[in-house]
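Listed here are the chains, written in short residue letters.
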Amino acid sequence: MGQGPPVVRVLRALRAVPLPLALVTMVALTGVVLGRVYAGGLLTRLVVLAAAGSVLVSVAARRLPSWLVAPLSVAAMAGFTAWSLKLSADAAGLPGSLAEVSADAARNGIPRLLTAMIPVEPTPDTVLVPLVAVWLAGLAAAEVALRAGRVLLGCLPPTLLYAGAVYVVGPNADPAIWPTVAFAATAALGLAVPSKGPGPSGPDPTAGLAPGARAAVRARLAATAAAGLVVVVGLAALLGPVLAGQIDKRPVDPRRYVEPPQVESLDENPLIRISGWALNPEQKLLEVETRRPDARSDGPDPDPSASGDPTGDGDAGDGGPGDGDGPGGGDERRSVRIRLAVLSDYDGVTWRVGATYRNAGRILPAVEPAPGATVETVRQEITVADLSGRLLPAVATPREVSGARVAYDPQTGTLIRPEGLTPGLRYAVTSTAERPDDNLLGMADVPAGEEVARVLRVADGVPDPVRRLAAQLAEENGAPYARAAAIEQFLAEHYRMVADAPSGHAYPNLNFFLFGPRNAGGQRGTSEQFAAAFAVLGRLTGLPTRVVVGFRAAGDGPVRAGDAYAWPEVLFSGLGWVPFDPLPRPDDEPRPVEEDFRPKPEDPPPSEMPEPTVEPTATPEPVAGPGGPAEAGGPSTALLVGGATGGTLLLVVAALLTLLLMRRARTRERLERGDPGQRIAGAWREVTDALRLAGRPVGGDLSASEVAAHAHRAVTDAGAGPTSVPAADAGAAPAGVGPPGTTAGAGGLDARLTELAGLLNQMAFAPGTATAEQAARAVATANDYVAALRAGRPRWRRLLWSVHPGPLRWHH
């Protein structure tokens, strides 16, 4: 008999276990669902501990007042969360104190969770929100189900938490079928277990009532239960088909509603920074220490020139390290390409990064190497000096980063630090440098279709000489690798690399770089123009290309601004992105482009306007005498001839008047309408049209400054004829002034034409910067020049000048 009370207590304790255990299981299943998009099992273990802790605190404090349980549970949650944040920070190798890590996680937990790259690494900012939500759901469920005895209502917080976890996972994992089945089964078991201890059930609510009242109460209870059952069945009938129809549909990804980390405007196109770095080559940007754990220590490296790297620095392959500067290719001094940014989008004006960065942890997603590729592990410790922006340099392709919080774009394999780079920042990055099999390049094909449309897109407005050069290189080389190698060789052999070339890679810049006269700055540039020209020519020949900006580092030590350069890459099927180096060798003298290619002018230069010729007229028919056929009826021959001649003259006058009005309308449209940049361009067209009317057309290969010099010579030659200025007047006039009656202005037409050419270049390289005053000067220069050039023509040519139809149809 003495064993009775302890046994009862044990039985009561055992009867009280299933419901809390069911609540813990339901809340813990949330961690199973979320863990499918997390790397490793740390988050799942932390969620299970949080679920158990939240419910056990409520169970242990069941004898305390209800108002005291919540503060105790929240205090326990704070301690558990702090321990979890410290554990996850140590596992991820994040620097900083617990207070700093916790504050950062509290500020950025939700956006970083929704912008993190899949699989998500358990870091403080990606575990804080799930742990807090799990703890609060467990607390609410335990209080409602255990203390208030409303088990069904107590299942609502775990259900909402589970649904939220499924929504957050979205389409980034397989359907959670078995966790969902286990959740439903656990909820059913929890509802089936009585919430009271052993012994008789609670008192009957109808006890003590009169039989009639008791029957009425029981009838109402039965009616309420029946109505609830009808509602449940109706909802199942209505919602069942809808839910069943959603099974095969792709879930909504909540990440599309959250903006991922962005780069600064300076980082969107780092290609324009090449020229600035080239002018300050000694500026220290980085300090690099490089280690190759699996590098070979004996024997020379393979010849890099066989894989699209004619400079011999061994960078062919997806960011692969190079050979080294001396014989033998010593491991410690081999050059390494450190990649800063990948630019895939080009609109004819600017190359842009266009990447989508996702917050990432220390371990980055692994990518399978290409078949037959040589893979080498490269570990670097990098200290930031004067490099600014958010782009984080690393050898391609990074696999592990420690010492800095990063965001990663798996499509390009590039990194950013969302907080921005700061001097003294030190981080370590481990990369897998890949070199493709040289024997496969010659036979490799290039992909096509929507997946690579972005890197095959050619914007409108390609200059005809550039398009013809691409066609010539493609005709002579059929295979994709042969086309890429031909473009690389053409650029390396015909152009000069200089450090003081201006920045610019729009179509006009590339056209001037490829075909501009050498004495005016053409056919020379920085790696910006070489890489951009290769990428555009490659796309014109059907090669998927992109431009990469980075640094060349030789061994350990500082990386300076002079080490920055750009290179192009081509995508080959099965081999990945292969870099090429179109830069010339330092000691090679470039060959003239004209030896292998000369762009044809857009229109053949018009010859001098031919002298008017008189068409032979037909011999008139004999006129019949009086009484002859002429008198038989109808108008006389003289009347017919006079009418025809008058009508012809009217048509000619009407045509000349129409041409005159159309020419003047065209001139007003060019010089008076539009913004300042359009008026400057219109003034330049007036000058070039005047040259063509004067029989001195402009060649398509001349720069703006050369056209200005050509225009000055034309007006000078025109002034030497019969209408030239007398010697006494000409000696008193400024250089370049036309014949009398023109207004040359200060400095003469020569200086003003030079200024007009400069304004045209300014509009090409810096659109939108021209002022109204500059446009007014350009219009005045064009009017004075046209008047001076026209005054030097013969009289009959001056009469035909204003009605010549050429300017209405000439293409510019």
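Preceding this section is the structure that the text describes.
Going along each chain's sequence as written, the residues are numbered from 1 onward. In view of the model being predicted, local features appear only for residues whose pLDDT reaches at least 70, and side-chain atom pairs are presented and counted only at 80 or more, with totals across whole chains, interfaces and linings using the full set of residues. Only hydrogens and water are set aside; all other atoms, that is, all heavy atoms of the structure, feed into the side-chain values.

(A) Quick peek at the overall build of the protein chain. Numbering goes from the N terminus for both helices and strands, where a helix is a DSSP run of H or I of at least four residues and a strand is a run of E of at least two. Scanning the protein chain from terminus to terminus reveals 25 helices and 18 strands. The classification of residues rests on relative accessible area computed with a 1.4 Å probe and restricted to protein chains. Under 20% of the type maximum is buried, over 50% is exposed, and intermediate values are partly exposed. Buried positions account for 43% of the 812 residues belonging to the protein chain. Taking contacts inside the protein chain between residues at least 6 apart in sequence as the whole, the part at least 24 apart equals 77%. Residues count as neighbours in contact if any of their non-hydrogen atoms are within 4.5 Å of one another.

(B) Quick look at the sheet that holds strand S8 (residues 394-395). Taken in spatial order, the five strands make up an open sheet running S8-S2-S15-S17-S18, and their pairing is antiparallel. A strand with exactly one partner marks an edge of an open sheet, and here the two such strands are S8 and strand S18 (576-579). At least two DSSP bridges between two strands are required for those strands to pair. Relative to S8, strand S2 (residues 335-343) runs antiparallel, the two being bridged by two bridges. Paired with arginine 339 across the two strands is alanine 394, which belongs to S8. Axis geometry follows a simple rule: fit a line to the C-alpha atoms, using only the stretch in contact for helices, then measure angles between N-to-C directions, giving values from 0 to 180 degrees. Contacts from helix H17 (residues 527-540) reach strand S15 (545-554) and strand S17 (564-572), with the element oriented near 15° to S17.

(C) Focus on the nonpolar core. In this description, a nonpolar core means a group of buried Ala, Val, Leu, Ile, Met, Phe, Trp, Tyr and Cys residues linked to one another through side-chain atoms lying within 4.5 Å. In terms of nonpolar packing, the biggest core is built from 88 residues, with Trp277, Leu286, Trp351, Leu387, Leu514, Phe551 and Phe572 touching the most fellow members. A total of eight residues in this core trace back to one element, the largest contributor, which is H17. By size, the runner-up hydrophobic cluster in this structure holds 43 residues, among which are Val24, Leu34, Leu43 and Leu85.

(D) Summary view of the side chain of threonine 545. Its place among the elements puts threonine 545 in strand S15. Leaving out residues up to four positions away in the same chain, threonine 545 has contacts with Val455, Ala535, Gly538, Arg539, Glu569, Val570 and Trp577.

(E) The arrangement of the packing of helix H6 (residues 124-147) against helix H8 (residues 156-169) in detail. Close contact between H6 and H8 brings their axes to 8 Å; oriented N to C, the two are set at 155°. Judged by the angle between their axes, H6 and H8 are roughly antiparallel. Along the contact surface, H6 presents Ala133, Val134, Ala137, Ala140 and Ala141, while H8 presents Pro157, Pro158 and Leu161. In the scheme used here, Gly and all other residues not listed as nonpolar or charged are polar, with Ala, Val, Leu, Ile, Met, Phe, Trp, Tyr, Cys and Pro taken as nonpolar and Asp, Glu, Lys and Arg as charged. Looking at side-chain class alone, the contact of H6 with H8 contains eight nonpolar, no polar and no charged residues. Angle categories: roughly parallel below 35 degrees, roughly antiparallel above 145, roughly perpendicular from 65 to 115, and oblique for all the rest.

(F) Inspection of a positive patch on the surface at higher detail. A surface patch of positive charge is lined by Arg664, Arg668, Arg673 and Arg790. When you line up the elements, arginine 668 lands in helix H18 (residues 637-672). Take arginine 668: its relative accessible area is 41%, and that puts it in the partly exposed class. Like-charged residues are merged into a patch within 9 Å and nonpolar side chains (Val, Leu, Ile, Met, Phe, Trp, Tyr) within 5 Å, provided each residue has over 30% relative accessible area and no salt bridge. In short, Shrake-Rupley with a 1.4 Å probe defines the accessible areas, and a residue's cover is counted only from the protein chains shown. For this analysis, a salt bridge means a side-chain nitrogen from Lys or Arg found within 4 Å of a carboxyl oxygen belonging to Asp or Glu. Asp and Glu are treated as the negative residues and Lys and Arg as the positive ones, with His and the ends of the chain left uncounted. Just so you know, the charge point we use is NZ for Lys, CZ for Arg, CG for Asp and CD for Glu.

(G) Structural detail: unusual backbone geometry. Looking along the chain, the bond that leaves alanine 396 and enters threonine 397 is cis, with omega of 0°. Considering the arrangement of structural elements, one finds threonine 397 in the loop between S8 and strand S9 (398-402). If you check the backbone angles, glutamine 523 has positive phi at about 60° while not being a glycine. Relative to the helices and strands, glutamine 523 resides in the loop between helix H16 (507-515) and strand S14 (524-525).

(H) Focus on the sheet that holds strand S5 (residues 358-360). Ordered by their spatial adjacency, four strands build an open sheet running S5-S10-S11-S7, and the pairing between neighbours is antiparallel. Strands with a single pairing partner mark the edges of an open sheet, and in this sheet they are S5 and strand S7 (391-392). As paired strands, S5 and strand S10 (residues 406-409) are joined by three bridges and run antiparallel to one another. Residue pairing across strands places alanine 360 opposite valine 406, the latter belonging to S10.

(I) Representation of the packing of helix H19 (residues 676-693) against helix H20 (residues 704-718) in the model. In contact at an axis separation of 11 Å, H19 and H20 are set at 50° when each is read in the N-to-C sense. For the element pair H19 / H20, the angle class is oblique. In the packing of H19 onto H20, the handedness of the crossing is left-handed. Counting all contacts with H19, which are made through Trp684, Val687, Thr688 and Leu691, the residues of H20 involved are Ala704, Val707, Ala708, His710, Ala711 and Ala714. Handedness of a helix crossing follows the sense of rotation of the near helix relative to the far helix, less than a right angle counterclockwise being left-handed and clockwise being right-handed.

(J) Representation of the side chain of threonine 115 in the model. Its location among the elements puts threonine 115 in helix H5 (residues 98-115). Relative accessible area serves as the criterion here: at 3%, threonine 115 is assigned to the buried category. Excluding anything up to four places from it in sequence, threonine 115 contacts Val258, Glu259, Pro260, Pro261, Arg358 and Asn359.

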